[in-house]
Amino acid sequence: MSYASLIQPVLWAISGGAALVFVGVGLLRLRKSKSVKACLIGAAASLLAAVVIVPAIGVVPAGHRGVVYRWSGGVDPFERPEGVTLIAPWVQHIVVSSVRTQKVYSPKVFAQSADLQEITVVASANYHVDPEKAADLYQEVGPDYMSTVIKPALFQNVKAAVGQVNAEDFALSRDKLARKIQAQLVAQLGGYGIVVEFVNIEDAIFDPAFVTAVKRKIIAQQKAKEQFNLIAAQRAVKEQTIINAEATARAVLIKAQAQAKANRKIAASVNDVLLRWQYLVRWNGILPTTLVGGNKEPSLFLNIDTGY
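Residues numbered from 1 in each chain as written. Predicted model: local features only at pLDDT ≥ 70, side-chain atom pairs only at ≥ 80, totals over all residues. Heavy atoms only, no water.

## Side note on the overall build of the chain
For step 1, the next point in the chain: When you go through the chain residue by residue, the secondary structure sums to seven helices and eleven strands.
For step 2, the next point in the chain: Considering only contacts in the chain between residues 6 or more positions apart, those separated by 24 or more positions represent 66%.
For step 3, the next point in the chain: Here the chain has roughly 20,800 Å² of accessible surface; of this, 62% comes from carbon and sulfur atoms. (Helix = DSSP H or I, 4+ residues; strand = E, 2+ residues; numbered from the N terminus. Contact = heavy atoms within 4.5 Å. Areas by Shrake-Rupley, 256 points an atom, 1.4 Å probe, with all protein chains shown as cover.)

## Here's the deal with the nonpolar core
For step 1, the next point in the chain: By size, the foremost hydrophobic cluster in this structure holds 36 residues, and its most contacted members are F170 and L185.
For step 2, the next point in the chain: Elements supplying a minimum of two residues to this core: strand 7 (109-112), strand 8 (118-129), helix 3 (134-140), helix 4 (145-162), helix 5 (174-189) and strand 9 (194-206).
For step 3, the next point in the chain: In terms of residue count, helix 4 provides more of this core than any other element does, eight residues in total.
For step 4, the next point in the chain: Those residues within four positions of L185 in sequence are excluded, and the remaining contacts are A125, A153, L154, N157, G190, V196 and V199. (Core = buried A, V, L, I, M, F, W, Y, C linked by side-chain atoms within 4.5 Å. Buried < 20%, exposed > 50% of the residue type's maximum accessible area, 1.4 Å probe, protein only.)

## Brief notes about the confidence of the model for the chain
For step 1, the next point in the chain: For the chain, per-residue confidence averages 77 on the pLDDT scale, and residues scoring 70 or more make up 72% of the total.
For step 2, the next point in the chain: When mean pLDDT is taken per element in the chain, strand 6 (residues 102-105) scores highest with 94 and strand 11 (residues 298-302) scores lowest with 53. (pLDDT = per-residue confidence, 0-100.)

## Digging into the sheet that holds strand 3 (residues 74-75)
For step 1, the next point in the chain: As summarised here, the arrangement of the three strands in space is 3-2-5, forming an open sheet in which the pairing is antiparallel. The two strands at the open ends of the sheet, each matched to only one other strand, are strand 3 and strand 5 (92-98).
For step 2, the next point in the chain: Note: strand 2 (residues 64-70) against strand 3, two bridges, orientation antiparallel. Among the inter-strand pairings, Y69 is bridged to a residue of strand 3, identified as V75. (Pairing = 2+ DSSP bridges.)

## Overview of empty space enclosed by the protein
For step 1, the next point in the chain: For the structure on display, the rule yields one cavity of 30 Å³ or more.
For step 2, the next point in the chain: Taken as a whole, the largest cavity encloses approximately 30 Å³ of empty space.
For step 3, the next point in the chain: A125, Y127, I150, L154, L185, L189 and V196 together form the lining of the largest cavity.
For step 4, the next point in the chain: Those elements giving two or more residues to the lining of the largest cavity turn out to be strand 8, helix 4 and helix 5. (1 Å grid on protein atoms, 1.4 Å probe; cavity = no way out; pocket = protein on both sides within 12 Å on 5 of 7 lines; lining within 4 Å. Points joined across faces, edges and corners; volume = space filled by probe spheres on them.)

## Concerning a nonpolar patch on the surface
For step 1, the next point in the chain: A grouping of Y279, L280, W283 and I286 is seen on the molecular surface, where their side chains present a nonpolar patch of about 400 Å² in accessible area.
For step 2, the next point in the chain: On the basis of relative accessible area, L280 is assigned to the exposed category, the value being 52%. (Patch = residues over 30% accessible without salt bridge, like charges linked within 9 Å, V, L, I, M, F, W, Y side chains within 5 Å. Salt bridge = Lys/Arg side-chain N within 4 Å of Asp/Glu carboxyl O.)

## Some details on the pairing of strand 5
For step 1, the next point in the chain: Judged by how many residues are buried, strand 5 sits mostly within the fold: seven of seven residues are covered.
For step 2, the next point in the chain: Alternating positions in strand 5 separate into two faces, Q92, I94, V96 and S98 on one and H93, V95 and S97 on the other, with burial throughout.
For step 3, the next point in the chain: Relative to strand 5, strand 2 is paired through seven bridges, and the arrangement is antiparallel. Among the inter-strand pairings, R70 is bridged to a residue of strand 5, identified as Q92.

## Some points on the environment of V196
For step 1, the next point in the chain: Among the secondary structure elements, V196 is positioned in strand 9.
For step 2, the next point in the chain: Among residues more than four places away in sequence, those in contact with V196 are N126, Y127, Q182, L185, V186 and L189.

## So, the packing of helix 4 against helix 5
Helix packing geometry: the angle between the two helix axes and the distance between the axes.
For step 1, the next point in the chain: Two numbers describe how helix 4 lies on helix 5: the axes approach to 10 Å, and their chain directions differ by 140°. The pairing of helix 4 with helix 5 is recorded here as oblique in orientation. For the pair helix 4 and helix 5, the crossing hand works out as right-handed. Contact residues: V149, I150, A153, L154, Q156, N157, V158, A161 and V162 in helix 4; L177, I181, Q184, L185, Q188 and L189 in helix 5. (Axes fitted to C-alpha atoms, helices over the stretch in contact; angles between N-to-C directions. Parallel < 35°, antiparallel > 145°, perpendicular 65-115°, else oblique. Left-handed = near helix turned anticlockwise from the far one by under 90°.)

## Brief notes about unusual backbone geometry
For step 1, the next point in the chain: Residues other than glycine seldom take positive phi values, yet L116 does so here, at roughly 65°.
For step 2, the next point in the chain: With respect to the secondary-structure elements, L116 resides in the loop between strand 7 and strand 8.
For step 3, the next point in the chain: Residue L116 is classed as exposed on the basis of its relative accessible area of 62%.

## Describing helix 4
For step 1, the next point in the chain: With 18 residues, helix 4 should reach 26 Å at 1.5 Å per residue; the first-to-last C-alpha distance of 25 Å fits that figure.
For step 2, the next point in the chain: Along its length, helix 4 reaches its greatest deviation from straightness, about 25°, at K151, and the proline P152 lies no more than four positions downstream.
For step 3, the next point in the chain: Looking only at helix 4, the buried set comprises Y145, V149, I150, A153, L154, N157, V158, A161 and V162. (Expected span 1.5 Å × (residues − 1). Bend = angle between axes of the 7 residues up to and from the residue.)

## So, the pattern of salt bridges
For step 1, the next point in the chain: Applying the stated criterion across every chain, the model contains two salt bridges.
For step 2, the next point in the chain: Across the pair E82 and R65 runs a salt bridge, and its minimum N-O distance is 3.7 Å. Taken together, the residues E82 in the loop between strand 3 and strand 4 (83-86) and R65 in strand 2 connect sequence positions 17 residues apart.
For step 3, the next point in the chain: For R65, a relative accessible area of 21% gives the class partly exposed.
For step 4, the next point in the chain: Among the salt bridges present, the one from K103 reaches E202, with a minimum N-O distance of 3.5 Å. Here the residue K103 occupies a position in strand 6, and E202 occupies one in strand 9, the gap between them amounting to 99 residues.
For step 5, the next point in the chain: On the accessibility criterion, K103 (41% relative accessible area) is partly exposed.
For step 6, the next point in the chain: Overall, E202 belongs to the partly exposed group, its relative accessible area being 30%.

Okay, structure coming up:
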């Protein structure tokens, strides 16, 4: 029971005590006073204020709604808003219900994953009571709705959700599981006037043997990945070497083809006139002493130094 639930009983206690005090004071005045009528009127007014006016005042704290219970007709379907409100004294009383965001933790959920691994899960849910359905919730479930409907629903849905994933994938599936549990709680608790805001997987404990096996698998996968990367690096170096060699050979071939083409052009342009022209350009003006050739034109010049 929250402090807000104690406001109305406290007011009743105060009013009852005040009524007794006022009646006692009135009787004392009646004994001392000469005006019996005035004393009776004062005592009656004091008693009326203590018994009727004070119990008719109800207070609903901030963040709460007032649920009015009528002794003659059960729960009033209309909630009272925050602040001071009036009720029928001694016939009605107000039970305050929080509509603020609250958090509830599930007990430890011992569940089996889809691959039959044991997992212990603790989950939590943030929720609040719909302000317009606080009276219905009080009437249908009662003030202890957290233990009556919320915790069992949270436990049940967490257990069911864990059984649909593999233990090895649990860490990566926490957010997905939480959203799935929240959707199921919204559908299950919405009819009671309970709004589920957020679900969180607080903790998960695995079997030690499973944890060891997963660690070994991860280490083996890391080593295999390192070997794969090493082989890939070696393959890349080999391929790069082949590419460089092919590029060099292609460059040599292109150069040789270009040189051969140039040589063919040069050879095609050589004739007797060109040769004579080149000879005359490079001639130093000294006539040769020996001529070798046919009868008409010499074809070979020999410059023989006689030594004289």
